[in-house]
Amino acid sequence: MGRKKAALPGQLTDLDLRLLRVFRAVAESGGISAAELRLNLANSTISNYIADLESRLDMRLCERGRGGFSLTEQGRVVYNASNELFSAVDQFRSQINRSHQRLLGELHLACAEHLPGGPDSAMVKALGRFSDLAPDVRVEITTLSSDDVTSAVLDKKADLGVTVLLQEFAELETLPLFDELMNLYCGEDHPLYGKANVKPADLAEFKFVESPRLMPGREVSPDVRLWNRQARAHHQEARAALILSGHYLGMLPEHMVRNWGYDQKLQALLPERYSYANTYSAIHRKHPRNAEAVALFCECLQAVL
């Protein structure tokens, strides 16, 4: 039997690179449908791109269908090789940037929810400053839960994250930015609303909605272990909806309650006992791609704060 001819006998084209970028996004998202929002492409278009890449490489890269999505052995080889390829491209771009004293390329930011909003927010001001200093850098922003921001940076899906870091990671550099006050709230339809002299023991008979700092091992107080956590919502708006229903107690940022206009609909309970501060930090890997852009954005955050 003759040896199988090489799938890529000539140079990589722009089309090859584009198809490989789509394939990487699909692999990292865990499927074609899951990659639609990230790529801003229709499901059918992504499917066609994957099929074109498989045809050009003469390989079956992934299994997709009713049984779910998974990479084949060849797909894993191509995914790992493409990571090395684009890492080399980023290093080349960084070296050219340094030689020209001009930043190019991309900066993918992952932010904990609600951080980018508001005209006076640090993120808005830092983005404005960064865009003035590096107008040719293409910025992509994703909002996630706090834990997911950390995972995105660790998994190299984001270059820089702004989040509450609840543990240290050897792979990450951390830059503390600002604090956020968290309170325990009940809604106006809850039995404790307006009640004077609420005691910790009074909370035992009510239901709570779990948030990251109410999870086992992360409790803000030993009392949390006795609370009846009947719901789970790690996104602030979802948690607020449950608390506003009058059936649950839960933690929310004080400034968000004020900004949403919920001051009269929500009441903080026992703030001297259960309130705490979240410290938001900028995080990035110790050797990020496009390191100059990451360093500049950190400088912009420090400048506006």
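Residues numbered from 1 in each chain as written. Predicted model: local features only at pLDDT ≥ 70, side-chain atom pairs only at ≥ 80, totals over all residues. Heavy atoms only, no water.

Considering the pattern of salt bridges
So, step 1. This structure, assessed with the given rule, holds 16 salt bridges.
So, step 2. One salt bridge in this structure joins arginine 60 and glutamate 63, with 3.7 Å as the shortest N-O distance.
So, step 3. Among the residues examined, arginine 60 registers a relative accessible area of 38% and is labelled partly exposed.
So, step 4. Among the salt bridges present, the one from arginine 289 reaches aspartate 159, with a minimum N-O distance of 2.7 Å. With arginine 289 in the loop between strand S11 (276-285) and helix H10 (291-304) and aspartate 159 in the loop between helix H6 (146-154) and strand S5 (160-164), the pair connects residues that are 130 residues apart, well separated along the chain.
So, step 5. We classify aspartate 159 as buried; its relative accessible area is 5%.
So, step 6. One network of salt bridges, with partners in common, ties together Asp90, Arg93, Glu106, Arg138, Asp159 and Arg289. (Salt bridge = Lys/Arg side-chain N within 4 Å of Asp/Glu carboxyl O. Buried < 20%, exposed > 50% of the residue type's maximum accessible area, 1.4 Å probe, protein only. Helix = DSSP H or I, 4+ residues; strand = E, 2+ residues; numbered from the N terminus.)

Description of helix H5 (residues 122-133)
So, step 1. Taking 1.5 Å of rise per residue, the 12 residues of H5 would be expected to cover 16 Å, and the 16 Å separating its terminal C-alpha atoms lies within 8% of that figure.
So, step 2. Of all the residues in H5, the buried ones are Ala122, Met123, Ala126, Leu127 and Phe130. Buried residues of H5, seen end-on, are gathered within an arc of 125° and therefore sit on one face of the element.
So, step 3. Each element contacted by the buried residues of H5 is listed here: strand S3 (106-112), strand S4 (138-144), S5 and H10. (Expected span 1.5 Å × (residues − 1). Arc of directions from axis to C-beta. Contact = heavy atoms within 4.5 Å.)

Concerning the layout of surface pockets
So, step 1. In this structure, the largest pocket occupies an estimated 1100 Å³ of space.
So, step 2. Lining the largest pocket are 34 residues, with Arg21, Arg24, Arg38, Glu106 and Arg289 sitting closest to its centre.
So, step 3. Listing elements by their share of the lining of the largest pocket, those giving two or more residues are helix H1 (14-29), helix H2 (32-39), helix H4 (73-100), S3 and S4.
So, step 4. Top contributing element to the lining of the largest pocket by residue count: H4, with eight residues. (1 Å grid on protein atoms, 1.4 Å probe; cavity = no way out; pocket = protein on both sides within 12 Å on 5 of 7 lines; lining within 4 Å. Points joined across faces, edges and corners; volume = space filled by probe spheres on them.)

A short note on the nonpolar core
So, step 1. Grouped together as the largest cluster of nonpolar side chains are 26 residues, with contacts concentrated most on Leu107, Met123, Phe130, Leu160, Phe297 and Leu301.
So, step 2. Those elements giving two or more residues to this core turn out to be S3, H5, S5, strand S6 (172-187), S11 and H10.
So, step 3. Sorting elements by how many residues they give to this core places H10 first, with seven residues.
So, step 4. Residues in contact with leucine 160, not counting those within four places in the same chain, are His108, Leu109, Ala110, Val153, Ala282, Ile283, His284, Val294, Phe297 and Cys298. (Core = buried A, V, L, I, M, F, W, Y, C linked by side-chain atoms within 4.5 Å.)

A closer look at the packing of aromatic side chains
So, step 1. Scanning the entire structure with this criterion turns up five aromatic pairs.
So, step 2. Consider the rings of phenylalanine 178 and tyrosine 280, whose centres lie 5.3 Å apart with planes at 20°: the pair is stacked. Of this pair, phenylalanine 178 sits in strand S6 while tyrosine 280 sits in strand S11, placing them 102 residues apart in sequence.
So, step 3. In this structure tyrosine 280 comes out as buried when scored by relative accessible area, which is 3%.
So, step 4. Summarising the aromatic geometry, the rings of tryptophan 227 and tyrosine 274 are spaced 5.0 Å apart at their centres and angled 70° between planes, so their arrangement reads as edge-to-face. Of this pair, tryptophan 227 sits in the loop between strand S7 (207-210) and strand S8 (228-232) while tyrosine 274 sits in helix H9 (residues 271-274), placing them 47 residues apart in sequence. Each member of the pair tryptophan 227 and tyrosine 274 is classed as buried.
So, step 5. An aromatic cluster is defined as three or more aromatic residues linked by ring pairs; in this entry it consists of Phe208, Trp227 and Tyr274.
So, step 6. Sitting above the plane of the tyrosine 276 ring, arginine 213 keeps its charged end 4.8 Å from the centroid. (Phe/Tyr/Trp six-rings, centres within 6.5 Å; stacked < 30°, edge-to-face > 60°. Lys NZ or Arg CZ within 6 Å of the ring centre and 35° of its normal.)

Section: the environment of cysteine 298
So, step 1. Relative to the helices and strands, cysteine 298 resides in helix H10.
So, step 2. For cysteine 298, a relative accessible area of 8% translates into the label buried.
So, step 3. Expressed as a C-alpha distance, the spacing of cysteine 298 and serine 145, which sit 153 residues apart in the sequence, is 20 Å.
So, step 4. In this structure cysteine 298 touches Leu160, Leu175, Ala282 and His284, once residues within four positions along its chain are discounted.

A word on the environment of alanine 303
So, step 1. The topology assignment puts alanine 303 in helix H10.
So, step 2. Owing to a relative accessible area of 43%, alanine 303 belongs among the partly exposed residues under this scheme.
So, step 3. The spatial distance from the C-alpha of alanine 303 to the C-alpha of methionine 59 is 50 Å, given a sequence separation of 244 residues.

Let's talk about the packing of H1 against H2
So, step 1. Between H1 and H2, the shortest axis-to-axis distance is 8 Å and the interhelical angle comes to 120°. The angle between H1 and H2 falls in the class oblique. Of the two possible hands of crossing, H1 and H2 adopt the one that is right-handed. Only Ile32, Ala34, Ala35, Arg38 and Leu39 of H2 make contact with H1, whose side of the interface consists of Val22, Ala25, Val26, Glu28 and Ser29. (Axes fitted to C-alpha atoms, helices over the stretch in contact; angles between N-to-C directions. Parallel < 35°, antiparallel > 145°, perpendicular 65-115°, else oblique. Left-handed = near helix turned anticlockwise from the far one by under 90°.)

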